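Coordinates in review
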Amino acid sequence: MVSAAPIAEVLLHNRSNPDCIQRNEIFCPGWAVDNFNRYVDPVIQHVVLVLASVCIGFAIAFALSLLAHRHRWLSPTFLGATGVLYTIPSIAFFFLLLPITGRGRTTAIIALTAFTLQIIYRNVTTGLANVPADIKDAGRGMGLTDRPLLWRVEIPLAMPEIIAGLRIATVSTVALATLAVFVNGGGLGVEIYTAGNLTFKTGIVIAGTLAILLALAFDLILVAIGRRATTWRRVASG
């Protein structure tokens with residue numbers, strides 16, 4: 001259950017800002033400036049939720065992808081398992097975990113991690129599968145065995161698809177992480193839920209905008225990482 005304390009804090013502060021309530025504005029700049037510090041901790045919590053979920057999800061999905069790449073018969077099983085997790089309604093997944101892991105950040109991270117697996121797994125396996133056979137043959141002709149071929153040829157060439165999967169998974173996790181409020185996982189969802197219980201909606205505008213900006217920031221960072229990881233593209237085009 002979400003604590004009523006944040007709602008009480010907003011109500012108390014609104015009493016000293018009656019104009020914002022009386023005008024029933026969608027966005028009150030004065031209130032936003034006076035209360036912006038209340039969003040610092042939720043933003044940090046949200047970043048932690050996203051980073052932990054995506055990093056753990058990537059580690060699991062990448063390992064599964066490498067196994068499926070080496071043993072192709074495992075691919076349908078992994079694809080089906082991650083697909084089942086991905087299709088579970090997000091709210092239901094959070095509440096299904098409550099009897100097992102209880103309320104808190106751990107439950108939120110487990111659920112968010114599960115939702116990243118299908119996206120990342122698909123993109124990694126697609127990227128590895130799309131490496132041209134003649135390039136792999138050329139690598140073997142140069143004396144590369146399977147493991148060096150994988151790390152020095154196949155994974156670098158699959159990097160655009162891998163980064164694309166990470167971008168999709170990260171941006172979607174930023175949005176889904178707002179649901180962590182329902183299991184006391186913290187994040188910007190707390191402020192969105194708090195404001196949603198009031199007629200005064202400036203808090204929703206601020207928290208929602210911060211979530212969008214976080215998604216854009218993560219996406220830009222991953223784009224930059226992708227460019228650094230695919231310098232071979234610039235060399236080839238040059």
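Counting its secondary structure elements, the protein contains 12 helices and zero strands. Each helix (α) and strand (β) of the protein, taken in turn from the N terminus, gives the series α-α-α-α-α-α-α-α-α-α-α-α. Here the protein holds 238 residues, and the buried ones make up 44% of them. A separation of at least 24 residues holds for 76% of the contacts in the protein among residues at least 6 apart in sequence. Accessible surface, the protein as shown: approximately 12500 Å² in total, 67% of it carbon and sulfur.

Looking now at the environment of Ile 168. Mapped onto the elements, Ile 168 comes out in helix H9 (residues 146–176). For the pair Ile 168 and Asp 219, spaced 51 residues apart in sequence, the C-alpha separation works out to 8.4 Å.

Within this structure, the stated rule accounts for three salt bridges. Note that Arg 38 and Glu 191 form a salt bridge whose closest N and O atoms lie 3.1 Å from each other. Of this pair, Arg 38 sits in the loop between helix H3 (29–35) and helix H4 (40–70) while Glu 191 sits in helix H10 (residues 189–196), and the two are 153 residues apart along the sequence. Using a relative accessible area of 17% as the deciding quantity, one classes Arg 38 as buried.

Right, let's talk about a nonpolar patch on the surface for a bit. A cluster of nonpolar side chains, namely Val 40, Ile 44 and Val 48, defines an oily patch on the protein surface of about 220 Å² accessible area. Structurally, Val 40 can be placed in helix H4. The class for Val 40 is partly exposed, based on a relative accessible area of 42%.

Moving on, we come to the packing of aromatic side chains. Under the criterion given, the structure shown has six aromatic pairs. Linked through ring pairs, Phe 58, Phe 62 and Trp 151 together constitute an aromatic cluster.

A separate point is helix H5 (residues 75–87). The end-to-end C-alpha distance of H5 is 18 Å, a good match for the 18 Å that 13 residues give at a rise of 1.5 Å each. Buried within H5 are the following residues: Phe 78, Thr 82 and Gly 83. Axial view of H5: buried residues confined to an arc of 130°, hence all on one face. What points out from H5, more than 90 degrees from its buried face, is the exposed set Pro 76, Thr 77, Val 84 and Thr 87. Buried residues belonging to H5 abut H4 and helix H7 (105–129).

It is at 9 Å that the axes of helix H6 (residues 90–101) and H7 come closest, and there the two elements cross at 135°. It follows that H6 is oblique to H7 by the angle criterion. As H6 runs across H7, the sense of the crossing is right-handed. Taking contact as the criterion, the partners of Ser 90, Phe 93, Phe 94, Leu 97 and Thr 101 in H6 are, on H7, Thr 107, Ala 108, Ile 110, Ala 111, Leu 112, Ala 114 and Phe 115. The residue inventory of the contact of H6 with H7, partitioned by class, reads nine nonpolar, three polar and no charged.

Mapped onto the secondary structure, Asn 123 falls in helix H7. Polar side-chain contacts of Asn 123 include one of 3.0 Å to the backbone oxygen of Glu 161. If we ignore the near neighbours within four places in the chain, the residues touching Asn 123 are Glu 161, Ile 162, Ala 164 and Gly 165.

What follows deals with the nonpolar core. In this structure, Leu 49, Phe 94, Leu 128, Ile 155, Ile 162 and Leu 188 are the most contacted members of the largest nonpolar core, which totals 53 residues. Those elements giving two or more residues to this core turn out to be H3, H4, H6, H7, H9 and helix H11 (202–229). Looking at this core, the element that brings in the most residues is H7, giving 12 residues. Not counting chain neighbours up to four residues away, the residues in contact with Leu 128 comprise Ser 65, Leu 66, His 69, Leu 150, Glu 154, Ile 155 and Ala 158.

This part covers H9. For H9, with 31 residues, the first-to-last C-alpha span of 38 Å runs short of the 45 Å given by 1.5 Å per residue. Remark: the principal bend of H9, roughly 55°, maps to Met 159, with a proline, Pro 160, within the next four residues.

What counts and what doesn't
- What you see as residue numbers is a count from 1 along each chain, following the sequence as written.
- Note on the predicted model: pLDDT of at least 70 is required for a residue's local features to be given, and 80 or more for side-chain atom pairs to be given and counted; whole-chain, interface and lining totals, by contrast, use all residues.
- The basis for every side-chain value is the complete set of heavy atoms in the structure, and neither hydrogens nor water enter the calculation.
- Working definition: helices are DSSP H or I runs of at least four residues, strands are E runs of at least two. Numbering for both runs from the N terminus.
- Between buried and exposed lies partly exposed: a residue is buried under 20% and exposed over 50% of the maximum accessible area for its type, with that area taken using a 1.4 Å probe on protein chains only.
- In what follows, a contact means two residues having at least one pair of non-hydrogen atoms within 4.5 Å.
- Only the protein chains shown count as covering a residue, and every accessible area follows the Shrake-Rupley method with a 1.4 Å probe.
- The salt bridge definition used is simple: a Lys or Arg side-chain nitrogen within 4 Å of an Asp or Glu carboxyl oxygen.
- The patches described consist of residues with a relative accessible area above 30% and no salt bridge, like charges being joined within 9 Å and nonpolar side chains (Val, Leu, Ile, Met, Phe, Trp, Tyr) within 5 Å.
- Aromatic contacts are taken between Phe, Tyr and Trp rings whose centres are within 6.5 Å, Trp giving its six-membered ring; a plane angle under 30 degrees counts as stacked, one over 60 as edge-to-face, and the others as tilted.
- In this scheme, a helix's expected span is set at 1.5 Å multiplied by one less than its residue total.
- In this description, one arc is meant: the one made by directions from the helix axis to the C-beta atoms.
- Helix axes are fitted only over the stretch in contact, all axes being lines through C-alpha atoms; the angle between N-to-C directions runs from 0 to 180 degrees.
- Relative orientations are named as follows: roughly parallel for angles under 35 degrees, roughly antiparallel for angles over 145 degrees, roughly perpendicular for angles from 65 to 115 degrees, and oblique for any other angle.
- Should the near helix be turned counterclockwise from the far one by less than a right angle, the crossing is left-handed, whereas a clockwise turn marks it as right-handed.
- Only Asp, Glu, Lys and Arg are considered charged, only Ala, Val, Leu, Ile, Met, Phe, Trp, Tyr, Cys and Pro nonpolar, and every remaining residue, Gly among them, polar.
- For the purposes of these results, a polar contact is taken to be a pair of N or O atoms within 3.5 Å, where, inside protein, one atom must be able to donate a hydrogen and its partner to accept one; residues adjacent in sequence count only when each atom of the pair is a side-chain atom.
- Definition of nonpolar core: a set of buried residues of the types Ala, Val, Leu, Ile, Met, Phe, Trp, Tyr and Cys, connected through side-chain atoms within 4.5 Å.
- The seven residues ending at a residue and the seven starting there each receive a fitted axis; the angle between those axes is the bend at that residue.

That's the geometry; what it means functionally is another story.
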